[in-house]
Amino acid sequence: MPRWLIVLVLLVPVLAIVWIVVATRGYGPGAKLRADSVADPACRSALVAGLDKLRVDLGLGIDVIPADAGALAATGALDKSYVRDGVRHTASFGLDGYGGDMCSLRMWSVKEETPGATHKRSGAFGHVAVDACRCDP
């Protein structure tokens, strides 16, 4: 077999993997709250309300507590887990910036764990505008 064919057979899968990694990198939300929004109680209330709206709209079994706003304020991301029908579900939330310094809260990843199997999906599962907060993209 010609050497160029061997190189092509080996190179195509490697290039495909590199393209997939580069194309999907950064899919998750990456915005952070501005310092004035971190200290604003109205922003924290809006974050809790946004999480609760996503919980209801998407039928999630998570408990939304005020401390969740603190985690979002500190890192811009939050993972919440719950168990339903013997499956452990983990929903990942994050902040997106849009329209300059506006913020939205987006559920972008779901992980389902059962004994012996783990499935993770990424996508735009739902979002809600958080008008009381300001983000740096």
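Since this is a predicted model, take the numbers as computed values, not measurements.

Colleague: I keep staring at the packing of helix α3 (residues 41–58) against helix α4 (residues 67–75) and nothing clicks. Help me out?
Modeller: A pair of packed helices is captured by two measures, namely the crossing angle of their axes and the spacing between those axes. Relative orientation of the contacting elements α3 and α4 amounts to 105 degrees, with a least axis distance of 8 Å. Our classification of the angle between α3 and α4 gives roughly perpendicular. Residue-level inspection shows R44, L47, V48 and L51 of α3 in contact with α4, the latter providing D68, A69, G70, L72 and A73. Partitioning the contact of α3 with α4 into residue classes produces six nonpolar, one polar and two charged.

Colleague: Could you clarify how one ought to interpret the pattern of salt bridges in this entry?
Modeller: Side chains that differ in charge, positive against negative, can pair when their charged atoms come close. One pass over the full model with this rule turns up eight salt bridges. The salt bridge involving D36 is made with R34; its shortest N-O contact spans 3.0 Å. With relative accessibility at 45%, the residue D36 sits in the partly exposed group. With a closest N to O distance of 3.8 Å, D101 and R134 form a salt bridge. Of this pair, D101 sits in the loop between β3 (87–98) and β4 (102–114) while R134 sits in strand β5 (residues 117–136), placing them 33 residues apart in sequence.

Colleague: What should I look at first to understand the side chain of S37 in this one?
Modeller: Position of S37 relative to the elements: it lies in helix α2 (residues 35–38). A residue is classified by how much of its surface remains accessible, and S37, at 3% relative accessible area, is buried. If sequence neighbours within four positions are ignored, S37 has contacts with C43, A132, C133 and R134.

Colleague: Which parts of the structure should I look at to understand the nonpolar core?
Modeller: The tendency in soluble globular proteins is for nonpolar side chains to be buried as a group. Core analysis: the largest hydrophobic core is formed by 25 residues, its most contacted members being L33, L47, F93 and L105. Those elements giving two or more residues to this core turn out to be α3, α4, β2 (77–84), β3, β4 and β5. Per-element accounting of this core gives the leading share, five residues, to α3. Once you skip the residues sitting within four places of it in the chain, L47 turns out to touch L33, A69, L72, L95, L105, V130 and C133.

What counts and how
- Residues numbered from 1 in each chain as written.
- Predicted model: local features only at pLDDT ≥ 70, side-chain atom pairs only at ≥ 80, totals over all residues.
- Heavy atoms only, no water.
- Axes fitted to C-alpha atoms, helices over the stretch in contact; angles between N-to-C directions.
- Helix = DSSP H or I, 4+ residues; strand = E, 2+ residues; numbered from the N terminus.
- Parallel < 35°, antiparallel > 145°, perpendicular 65-115°, else oblique.
- Contact = heavy atoms within 4.5 Å.
- Nonpolar A, V, L, I, M, F, W, Y, C, P; charged D, E, K, R; others polar.
- Salt bridge = Lys/Arg side-chain N within 4 Å of Asp/Glu carboxyl O.
- Buried < 20%, exposed > 50% of the residue type's maximum accessible area, 1.4 Å probe, protein only.
- Core = buried A, V, L, I, M, F, W, Y, C linked by side-chain atoms within 4.5 Å.

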